[in-house]
Every structure is written in C-alpha cells, then in structure tokens.
Amino acid sequence: AVTAVSPQAGPACRVAQTLAQYCVGANYAWATAEGLFLLRLLLSTSGRRCLPAFLLLGWGVPVLFVVPWVVLRYLYENEGCWERNEKPEVWWLIRCPILVAVAV
C-alpha cells in the first residue's frame, strides 16, 4: 500500500490529527460547560464555586474519549495520517461524546 505520508512525517501528522480531534472535542465540551454554567448561574448566585468543575468538564472530558481513540487508531487503523475513517466503531468513539454534548 502506498501512503502519501513519509515514515518520518507519520508520527507528527498523527499527533496533529490527535490534537485536532482533541480541539473538536474540547470545543463541544466547552459549549456544554458554558451552557451548564449559564444555567447554574441562572438558578443560583453561587456560580463561582462551580467554576473548577466546569473547567474540568471543558478540558478534562475530551481526554476521556480522545485517548481511547488514539489507542484504537494505533491498534486497528494505524495508516497514513489517520485522516480516513474506515472502521466506524473507532470513528463513533470520538463522535458519540460530541453528539451527547450537542444533545445536552
């Protein structure tokens, strides 16, 4: 199989893909955190006490699905720059949490 990514560029490209997926996940996690924060602020005047929890939600939650995605990509779809999604199970691992965030 011929790939467009040289062996030297492969790991860097995969790290870039991983960071891109993390940023997408963090974007949706932050949207969810912001929505929950605003709801909490509307329901209570003590929103500042919850700020650490919202920060953890925004930056920590994406790690929970991006790291397993990286492991599965490495084990089962370790080709090219990880830009193709030929195994739906692996693709849904990163998409399901985003859909849940949008639904919330």
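Remember, predicted model here, so these are calculated numbers, not experimental data.

## Things to note about the overall build of the protein chain
Link 1 in the chain: Secondary structure assignment for the protein chain yields 3 helices and 0 strands.
Link 2 in the chain: Helices (α) and strands (β) of the protein chain occur, in sequence order from the N terminus, as α-α-α.
Link 3 in the chain: Here the protein chain, with 104 residues, has 30% of them falling under the buried criterion.
Link 4 in the chain: In the protein chain, the share of contacts with a sequence separation of at least 24, taken over all contacts with a separation of at least 6, comes to 66%.
Link 5 in the chain: Total accessible area on the protein chain is roughly 7100 Å²; 70% of this is exposed by carbon and sulfur atoms.

## Considering the state of the cysteines
In protein structure, a disulfide is the covalent linkage between the sulfur atoms of two cysteines.
Link 1 in the chain: Taken as a whole and assessed by the stated rule, the structure comprises 1 disulfide.
Link 2 in the chain: Across the disulfide from Cys-13 sits Cys-81; the S-S distance is 1.5 Å. Taking the torsion about the S-S bond as the criterion, the Cys-13 to Cys-81 disulfide, at about -95 degrees, is left-handed. Taken as a pair, Cys-13 in helix α1 (residues 9–43) and Cys-81 in the loop between α2 (51–76) and α3 (88–103) lie far apart in primary sequence, 68 residues in all.

## Looking at the packing of α2 against α3
Helices that pack against each other are described as a pair by the angle of their axes relative to one another and the distance between those axes.
Link 1 in the chain: Their axes nearest at 9 Å, the elements α2 and α3 cross at an angle of 170 degrees. Put simply, α2 runs roughly antiparallel to α3. Between α2 and α3, the residues in contact are Phe-65, Val-66, Pro-68, Trp-69, Leu-72 and Arg-73 and Val-90, Leu-93, Ile-94 and Pro-97, respectively.

## Quick notes on the environment of Leu-55
Link 1 in the chain: By the element assignment, Leu-55 lies in helix α2.
Link 2 in the chain: Using a relative accessible area of 40% as the deciding quantity, one classes Leu-55 as partly exposed.
Link 3 in the chain: Leaving out residues up to four positions away in the same chain, Leu-55 has contacts with Trp-30 and Gly-60.

## With respect to α3
Link 1 in the chain: Taking 1.5 Å of rise per residue, 16 residues should cover 22 Å, and α3 covers 21 Å from first to last C-alpha, within 8% of that figure.
Link 2 in the chain: Its axis deflected by about 35 degrees at Ile-94, α3 carries its strongest bend there, up to four residues before the proline Pro-97.
Link 3 in the chain: Where α3 is concerned, the buried positions are Val-90, Ile-94, Arg-95, Ile-98 and Ala-101.

## Regarding α2
Link 1 in the chain: Its 26 residues place the ends of α2 38 Å apart at the C-alpha level, agreeing with the 38 Å of an ideal helix rising 1.5 Å per residue.
Link 2 in the chain: Considering bend angle alone, the principal kink of α2 is centred on Leu-57 and spans about 35 degrees.
Link 3 in the chain: Every buried residue belonging to α2 is among Phe-54, Gly-58, Pro-62, Phe-65, Val-66, Trp-69 and Arg-73, and all of these are buried.

## Describing the packing of aromatic side chains
Link 1 in the chain: All chains considered together, the criterion is met by 3 aromatic pairs.
Link 2 in the chain: Their ring planes at 90 degrees and their centres at 5.7 Å tell us that Trp-69 and Trp-82 sit as a pair that is edge-to-face. Of this pair, Trp-69 sits in helix α2 while Trp-82 sits in the loop between α2 and α3; the two residues are 13 residues apart in sequence, bridging distant segments of the chain. You'll find Trp-69 and Trp-82 in the same group, each marked buried.
Link 3 in the chain: Cluster of aromatic residues (ring-pair linked, three or more members): Tyr-22, Trp-30 and Trp-59.

Definitions and limits used
- Residues numbered from 1 in each chain as written.
- Predicted model: local features only at pLDDT ≥ 70, side-chain atom pairs only at ≥ 80, totals over all residues.
- Heavy atoms only, no water.
- Helix = DSSP H or I, 4+ residues; strand = E, 2+ residues; numbered from the N terminus.
- Buried < 20%, exposed > 50% of the residue type's maximum accessible area, 1.4 Å probe, protein only.
- Contact = heavy atoms within 4.5 Å.
- Areas by Shrake-Rupley, 256 points an atom, 1.4 Å probe, with all protein chains shown as cover.
- Disulfide = S-S within 2.5 Å.
- Axes fitted to C-alpha atoms, helices over the stretch in contact; angles between N-to-C directions.
- Parallel < 35°, antiparallel > 145°, perpendicular 65-115°, else oblique.
- Expected span 1.5 Å × (residues − 1).
- Bend = angle between axes of the 7 residues up to and from the residue.
- Phe/Tyr/Trp six-rings, centres within 6.5 Å; stacked < 30°, edge-to-face > 60°.

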